[in-house]
Amino acid sequence: MESTDKRDIRKLSQEELEEFFVKKGDKKFRAKQVYDWLWNKSLKNFDDMSNISKETREMLKDNFIINHIHVDLMQHSVDGTIKNAVKLFDDKIVESVLIPTSKRITACVSSQVGCSLDCNFCATARLKRMRNLNPDEIYDQVVAIKEEAETYFNRPLTNIVFMGMGEPLLNYNNVIDAIEKITSPDGLGMAPRRITLSTVGIPKMIKKMADDGVKFNLAISLHSAINETRSRLMPINEVNPLEDLSDALKYWYKKTKRKVTYEYVIWEGVNDDEKHAKALAKFCKIIPSKVNIIQYNPIDEGEFRQASKEAVDLYVKILENEGIVAKVRKSRGQDIDAACGQLANKNEVGQLS
Ligand code: SAH
């Protein structure tokens, strides 16, 4: 970690940077030039800012630092998936994943170090929450994966999902700030419709997103449309039951006219029966939606087991009969613990301490 009192320059907005330059007797547009290097070109040190005079660069170095993530470990799965262990300025580690398919290259990024939510099937929950990621730390994860997509696949990054470590709606302001920079032409210029935020479903925050007029996609980790089962899987459901989630989703749809995706894992003996499948089909009618049935990725020798193919087929049949689109998603990157719910810094000794 850098021990310095200097400010991280990327914590400043472009307007704040403009004020800084004006105060130093420089031109306002210098801020735009520097901002462009910092975000659009993701430069890691002041000396590479070739259109900025040496004098100004020295002045910037006297006042600021550029905190940057470092990819500490990169693991390649047999299926092409890449997992990055990303070291932050305070030596904490988060993970992000590049998922290649024939049509897309998706970056799965983290929003928090660890997670506070205790979903009892998820490896990240075991880490507990350590801190929120800053906007630049989220942005940098995307940049790292974009570069890997170009280097290893010679293809552009096409999609971003907030399905890594943490709960994005519990770090709302920083996630929104990062998405603004990712979508801005001065940043990465990605279309908002290519971004999906995945949440356990915090009703109050879903309403806030709707009010804020966000343009990206929303995915809800549902896993059960029956309160009793869902509360056992995801303790957050005890204080935010399905009725409240349902209200928030109606509000979301009314305001945004965007459908939602439900992520759903089917476990043996937990939710693999007709009763649960029918409850899901009913829940899906609340607003236009589709379902991604995700394969369970075992995280230990624990109580959960992936349901049988028959149970998955039963779900698909029941959903399709009701006119609901349901896709069964293959798991990716399991061999390197890069699949959904497996992100837990396994290679990082000491992270849990
Ligand atoms: N906190 C957010 C984003 C992180 S989890 C959320 O809950 O949506 C990303 C997805 O992986 C969620 O749908 C989560 O429920 C799912 N997941 C967690 N553990 C899993 C596991 N072991 N196997 C399969 N999916 C899992």
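What to know about the sheet that holds strand β6 (residues 105–108)
- Strands sit in the order β3-β4-β5-β6-β9-β10-β11-β12-β13-β14 across an open sheet of 10 strands; the sheet is mixed. Both edges of this open sheet fall to β3 (70–76) and β14 (325–329), since each of them pairs with a single strand only. Direction aside, neighbouring strands of the sheet carry axes that sit 20° apart on average.
- Looking at chain direction, strand β5 (residues 93–100) and β6 are connected through 4 bridges and run antiparallel.

Quick word on the domain arrangement of the protein
- Taken domain by domain, the protein comprises domain 1 (7–65) and domain 2 (70–336).
- Taken over C-alpha atoms, the centre of domain 1 sits 35 Å from the centre of domain 2.
- Across the boundary between the two partners, domain 1 contributes 8 residues, which contact 9 residues of domain 2.
- Summed over both partners, the interface of domain 1 with domain 2 buries about 830 Å², with 44% contributed by carbon and sulfur atoms.
- Its largest share of buried area at the contact with domain 2, domain 1 owes to Arg10, Trp39 and Asn40, together 56% of the area lost on that side.
- At the junction of domain 1 and domain 2, the tally comes to 3 salt bridges.
- One salt bridge connects lysine 32 with aspartate 186, and the closest N-O pair in it is separated by 3.5 Å.
- Joining domain 1 to domain 2, the criterion identifies 4 residue pairs in polar contact (both at pLDDT 80 or more).
- Among the elements that take part in the side of domain 1 that touches domain 2, helix α2 (residues 29–40) stands out by supplying 4 residues, more than any other.

Concerning empty space enclosed by the protein
- One pass over the full model with this rule turns up 2 cavities of 30 Å³ or more.
- Approximately 40 Å³ is the volume found for the second largest cavity.
- If you trace the second largest cavity, you find it lined by Asp8, Arg10, Asn67, His68, Ile69, Phe89, Asn134, Asp136, Glu137 and Asp140.
- When residues of the lining of the second largest cavity are assigned to their parent elements, the largest contribution, 3 residues, is made by helix α4 (residues 135–153).
- Residue composition of the lining of the second largest cavity, by class: 2 nonpolar, 3 polar and 5 charged.

Let's talk about the pairing of strand β13 (residues 289–294)
- The element β13 is largely enclosed, with a buried count of 5 among its 6 residues.
- Strand direction decides the pairing type here: strand β12 (residues 260–265) and β13, joined by 6 bridges, are parallel. Looking at the pairing, tyrosine 264 lines up with isoleucine 293 of β13.
- Remark: the β12/helix α10 (residues 274–283)/β13 crossover connection has right-handed handedness.
- Sheet analysis places β13 next to β14, joined by 5 bridges and oriented parallel. From the neighbouring strand, lysine 290 faces β14, where its bridge partner is valine 325.
- This β-α-β element, β13 to helix α11 (residues 309–321) to β14, shows right-handed connectivity.

How each quantity is defined
- Sequence order as written defines the numbering, with residues in each chain counted from 1.
- In view of the model being predicted, local features appear only for residues whose pLDDT reaches at least 70, and side-chain atom pairs are presented and counted only at 80 or more, with totals across whole chains, interfaces and linings using the full set of residues.
- Side-chain numbers come from the whole structure's heavy atoms, not from hydrogens or water.
- A pair of strands counts as paired when DSSP detects no fewer than two bridges linking them.
- Helix numbers and strand numbers start at the N terminus; a helix is a DSSP run of H or I with at least 4 residues, a strand a run of E with at least 2.
- Inter-axis angles, ranging from 0 to 180 degrees, are taken between N-to-C directions of lines fitted to C-alpha atoms, where helices are fitted over the stretch in contact.
- Residue ranges assigned to the domains are those given by an automatic or database domain assignment.
- Here, two residues are considered to be in contact whenever any of their heavy atoms come within 4.5 Å of each other.
- Accessible area that two parts lose when put together, with a 1.4 Å probe and added across both, is what the buried area reports.
- Put simply, a salt bridge is a Lys or Arg side-chain nitrogen that is within 4 Å of an Asp or Glu carboxyl oxygen.
- Distance and chemistry together define a polar contact, namely a pair of N or O atoms within 3.5 Å, with one atom able to donate a hydrogen and the other to accept it when in protein, and with adjacent residues in sequence counting only for side-chain atoms on both sides.
- Only protein atoms enter the 1 Å grid used here. Points where a 1.4 Å probe fits but cannot escape make up a cavity, open sets with protein on both sides within 12 Å along at least five of seven lines make up a pocket, and a residue lines them when an atom lies within 4 Å of a point.
- Grid points are joined across faces, edges and corners, and a volume is the space filled by probe spheres set on the points.
- The nonpolar class holds Ala, Val, Leu, Ile, Met, Phe, Trp, Tyr, Cys and Pro. Asp, Glu, Lys and Arg form the charged class, and all remaining residues, Gly among them, are polar.
- Buried means the residue's accessible area, taken with a 1.4 Å probe over protein chains only, is under 20% of the maximum for its type, while exposed means over 50%, and partly exposed covers the values in between.
- Orient the strands so they point away from the viewer, and a crossover whose first-strand-to-second-strand path over the helix runs clockwise is right-handed.

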